[in-house]
Amino acid sequence: MRRYNVYISMGLYGRYELVKERKNSYDFLDDYWEECFTWEDLKKVVPFFRSRGWKVSVEPIDIVDALSRMHLLGLRY
């Protein structure tokens, strides 16, 4: 199953990547793939942010590309 990276642009505040919350917050292995959005997630996330006037861009990613990546998060809540 393909997953997607989602980015939002908030004018002068810059461009940010949205990360899906992981079910197990202590598992650091293969977390990048789990933090990417599925097609079903996009149906909810994209309209929500567009309704607030933010620009949304979506980029597909394969699991092979996700293996060497990690999300660096300054704040997680």
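Residues numbered from 1 in each chain as written. Predicted model: local features only at pLDDT ≥ 70, side-chain atom pairs only at ≥ 80, totals over all residues. Heavy atoms only, no water.

A. Fine view of the side chain of T38. Among the structural elements, T38 can be located in the loop between helix 1 (31-34) and helix 2 (39-51). Setting aside anything within four residues of it in sequence, one finds T38 in contact with M1, R3, Y4 and K20. (Helix = DSSP H or I, 4+ residues; strand = E, 2+ residues; numbered from the N terminus. Contact = heavy atoms within 4.5 Å.)

B. Structural view of the packing of aromatic side chains. All told, the structure shown has 3 aromatic pairs when counted by the stated rule. An angle of 85° between the planes, with centres 5.0 Å apart, marks the rings of F48 and F49 as edge-to-face. Through successive ring pairs, a cluster of aromatic residues spans F48, F49 and W54. The positively charged end of R15 is found above the aromatic ring belonging to Y7, 4.0 Å away from the centroid. (Phe/Tyr/Trp six-rings, centres within 6.5 Å; stacked < 30°, edge-to-face > 60°. Lys NZ or Arg CZ within 6 Å of the ring centre and 35° of its normal.)

C. Local environment of the sheet that holds strand 3 (residues 55-61). Taken in spatial order, the 3 strands line up as 2-1-3 in an open sheet, and their pairing is antiparallel. Single-partner strands in this sheet number two, and they are strand 2 (15-18) and strand 3. Looking at each pair of strands side by side, their axes are set apart by 30° on average, direction ignored. Here strand 1 (residues 3-9) runs beside strand 3; their pairing, made up of 7 bridges, is antiparallel. Residue pairing in the sheet places S9 in a bridge with K55 of strand 3. (Pairing = 2+ DSSP bridges. Axes fitted to C-alpha atoms, helices over the stretch in contact; angles between N-to-C directions.)

D. Quick peek at the environment of D31. Assignment of secondary structure puts D31 in helix 1. Residue D31 is classed as buried on the basis of its relative accessible area of 11%. Counting along the chain gives 38 residues from D31 to R69, while the straight-line C-alpha distance between them is 9.1 Å. (Buried < 20%, exposed > 50% of the residue type's maximum accessible area, 1.4 Å probe, protein only.)

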